Amino acid sequence: MRARPWVAVSFLLPAFLLLGALVVYPIGYSIWRSFFDAAGDSFVGLANYVEIFTDPDNLTSVQNTLIWVIVAPSIATLLGLMFAVLTDRLRFATAFKLIIFMPMAISMLAVGIIFRLVYEQEPDRGVANAVWVGVHDTFAESSAWPGARPRPNAGLEEIKGGGFVTADTVGSADPTNLPLVGVPPQDVAQAATAGTAQPSGDEVTGTVWLDFTPGGGGEAGTIDPKEKALAGIAVEAVKDGEVVATATTGEDGTYALPAEAEGATLRLPAANFSEPYNGVDWLGPALVTPAIIGSYLWMWAGFAMVLIAAGLASVPREILEAARVDGASEWQVFRKVTVPLLAPVLGVVLVTLMINVMKIFDLVYIIAPSAVQSDASVLALQLYLVSFGGGANQGLGSAFAVLLLLLVLPVMVINIRRLRRENRR
């Protein structure tokens, strides 16, 4: 440098020019632009920064970013640690690592499209809801005829909480027929023809059927020859608010209640008519951010695993064996020996992922539906939306960019200091 400084300058100048053009100038211009209005003509001081923390949508993006920074890197690092320790004990460790790391080969755009389909609300389209609904329906009975309701003036009244009850008490002298409507004809196409119940001693009998004749015709409240039975409907006899007898309609829609039902009112519980369980609204306002974080973890847990596994491979086995010989359990070895020795690697992974999630954009933009995009928005996405996505306010967008820079800088400083300390060692 002292003998021929111009040689050093000639080598460094192109790098300095590129650094200035691509990094220094954009940062400086963004800071300057953040103090002006949308048009860039009027100086507004800190008004853009005030708007970030006062406008509800902008404030939501700040809060979501903090959630991302705290939750996503922590869980991804924990998963990476678990996978790394697990693969250290598996025979097929290479194949397991390949499977876990494979999502890293997919772009953020592709991951966003994949998980947008995974989180679809309809069970026959979204994998997550298809599994969830399948598990739910395994342990919970589905309703017999969702959407069905009594024909007007049929003697059935709706009760609180759903369901219907007869206006009058019933007896065994005459069948109590319960006509329903509101069932699509295609849903009863394979159903049996409605049967006609007959009085049977002391039993209370009747028929529950779809009071609708295809093609028209028929008489309301009367079981016509072409009308279909509604099988599997629960019928309850209620006296003084207590159920004294129950029955379920057969294939022909008929039912029979024992003598205890004499003088009771009949109730059709709401469970007969409730809409089928349609899964979880993964992309609704309440769950959209956790759902997107889940897709991020699917992609980046492999990255954490590979780095931690590399650190774990360098841990001296003698130390672990010595701890076991001294009587430490596997959990104690993991908690008091393995994790402390891996602390530098865990710090690298955690800091790297924190910087990464601060700039998250693709996943949120693609996965979150437009109706809830404001609920899932983060700083990088809000920066784009207010600057180029219709807001056309580059003053506010520049303020978002500066805020993002201020959030990243402390993490970068911590990382640089840590690297310097390690180099001194």
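To keep things clear, this report deals only with the structure shown in the data block. These figures come from a predicted structure and were not determined experimentally.

Some points on the overall build of the protein
A count of helical and extended segments in the protein gives 14 helices and nine strands. Relative to a compact globule of 425 residues, whose C-alpha radius of gyration would be 22 Å, the protein shows 34 Å and is clearly more extended. Projected onto its principal axes, the C-alpha coordinates of the protein cover approximately 120 × 75 × 40 Å. Here the protein holds 425 residues, and the buried ones make up 39% of them. Residue pairs in contact within the protein that sit at least 24 positions apart in sequence constitute 69% of those at least 6 positions apart. Carbon together with sulfur atoms contributes 62% to the accessible area of the protein, which is approximately 23,500 Å² in total. Between the centroid of the 26 positive side chains of the protein and the centroid of its 38 negative side chains there is a distance of 27 Å.

What to know about the packing of aromatic side chains
Here the structure, examined in full by the defined rule, presents 20 aromatic pairs. Between Phe 164 and Phe 273 the ring centres are 5.4 Å apart and the planes differ by 65°, which places this aromatic pair in the edge-to-face class. With Phe 164 in strand E3 (residues 164–166) and Phe 273 in the loop between strand E9 (265–268) and helix H7 (288–313), the pair connects residues that are 109 residues apart, well separated along the chain. This pair shows no difference in class: Phe 164 is buried, exactly as Phe 273 is. Taken together, a centroid distance of 5.5 Å and an interplanar angle of 10° make the contact between Phe 361 and Tyr 365 stacked. A relative accessible area of 23% places Phe 361 in the partly exposed class.

Some remarks on the sheet that holds strand E4 (residues 178–181)
With respect to topology, four strands assemble into an open sheet ordered E1-E4-E5-E8, the strand pairing being mixed. With one partner strand each, in any of the chains shown, strand E1 (149–150) and strand E8 (254–257) form the two edges of the open sheet. As defined by bridge partners, strand E5 (residues 204–210) adjoins E8 across four bridges and the pair is classed as antiparallel. Residue Thr 207 lies in a different strand from E8, and its bridge partner there is Thr 254.

Thoughts on the side chain of Thr 166
The residue Thr 166 is located in strand E3 in this model. What makes Thr 166 buried here is its relative accessible area of 9%. With residues near it in sequence (within four places) discarded, Thr 166 still touches Gly 155, Leu 156, Leu 178, Thr 265 and Leu 266.

Concerning the sheet that holds E3
One open sheet accounts for five strands, arranged E2-E3-E9-E6-E7; its pairing is antiparallel. Looking at strand neighbours, the two that pair on one side only are strand E2 (156–158) and strand E7 (242–248), the edges of this open sheet. Averaged over all pairs of adjacent strands, the angle between their axes in this sheet comes to 30°, without regard to strand direction. Relative to E9, E3 is paired through two bridges, and the arrangement is antiparallel. Within E9, the residue paired with Phe 164 across the bridge is Leu 268.

So, the packing of helix H13 (residues 379–387) against helix H14 (residues 394–424)
Running from N to C, H13 and H14 cross one another at 165°; their axes reach a closest spacing of 8 Å. Between H13 and H14, the angle is such that the two are roughly antiparallel. Considering only the axes of H13 and H14, their crossing is left-handed. Taken together, the residues of H14 that come into contact with H13 (itself represented by Leu 379, Gln 382, Leu 383, Val 386 and Ser 387) are Gln 394, Leu 396, Gly 397, Phe 400, Ala 401, Leu 403, Leu 404 and Leu 407. Here the residues of the contact of H13 with H14 are counted per class, giving nine nonpolar, four polar and no charged.

As for the pattern of salt bridges
Counted by the stated rule, this structure contains four salt bridges. One salt-bridge network, in which partners are shared between bridges, spans Glu 321, Arg 324 and Glu 330.

Quick notes on the nonpolar core
Grouped together as the largest cluster of nonpolar side chains are 62 residues, with contacts concentrated most on Trp 68, Tyr 119, Ile 292, Tyr 296, Ile 360, Leu 363 and Val 364. In terms of residue count, H7 provides more of this core than any other element does, 13 residues in total. Not counting chain neighbours up to four residues away, the residues in contact with Ile 360 comprise Trp 68, Met 108, Tyr 296, Val 378, Ala 380 and Leu 381. Within the second largest apolar cluster, 26 residues are counted, among which are Phe 164, Val 208, Ala 237 and Leu 266.

What to know about unusual backbone geometry
Its identity is not glycine, yet Asn 153 carries a phi of approximately 65°, on the positive side. When you line up the elements, Asn 153 lands in the loop between E1 and E2. Its identity is not glycine, yet Asp 240 carries a phi of approximately 55°, on the positive side. Turning to its location among the elements, Asp 240 is positioned in the loop between strand E6 (234–239) and E7.

Description of helix H4 (residues 93–101)
Taken together, the buried positions of H4 are occupied by Ala 93, Phe 96 and Ile 100. Projected onto a plane normal to the axis of H4, the buried residues spread over an arc of 65° and lie on a single side. Turned more than 90 degrees from where H4 packs its buried face, Thr 94, Leu 98 and Ile 99 sit exposed. Those residues of H4 that are buried lie in contact with helix H3 (56–87) and H7.

Describing the environment of Ile 67
Take Ile 67: it is sitting in helix H3. Assessed through its relative accessible area of 38%, Ile 67 is described here as partly exposed. With 190 residues separating them along the chain, Ile 67 and Leu 257 place their C-alpha atoms 58 Å apart. In this structure Ile 67 touches Ala 72 and Ile 293, once residues within four positions along its chain are discounted.

Analysis parameters
Residues numbered from 1 in each chain as written. Predicted model: local features only at pLDDT ≥ 70, side-chain atom pairs only at ≥ 80, totals over all residues. Heavy atoms only, no water. Helix = DSSP H or I, 4+ residues; strand = E, 2+ residues; numbered from the N terminus. Rg over C-alpha atoms; globule rule 2.2 N^0.38 Å. Buried < 20%, exposed > 50% of the residue type's maximum accessible area, 1.4 Å probe, protein only. Contact = heavy atoms within 4.5 Å. Areas by Shrake-Rupley, 256 points an atom, 1.4 Å probe, with all protein chains shown as cover. Lys, Arg positive; Asp, Glu negative; His and termini not counted. Charge placed at Lys NZ, Arg CZ, Asp CG, Glu CD. Phe/Tyr/Trp six-rings, centres within 6.5 Å; stacked < 30°, edge-to-face > 60°. Pairing = 2+ DSSP bridges. Axes fitted to C-alpha atoms, helices over the stretch in contact; angles between N-to-C directions. Parallel < 35°, antiparallel > 145°, perpendicular 65-115°, else oblique. Left-handed = near helix turned anticlockwise from the far one by under 90°. Nonpolar A, V, L, I, M, F, W, Y, C, P; charged D, E, K, R; others polar. Salt bridge = Lys/Arg side-chain N within 4 Å of Asp/Glu carboxyl O. Core = buried A, V, L, I, M, F, W, Y, C linked by side-chain atoms within 4.5 Å. Arc of directions from axis to C-beta.

Taken by themselves, the reported measurements are silent on function.
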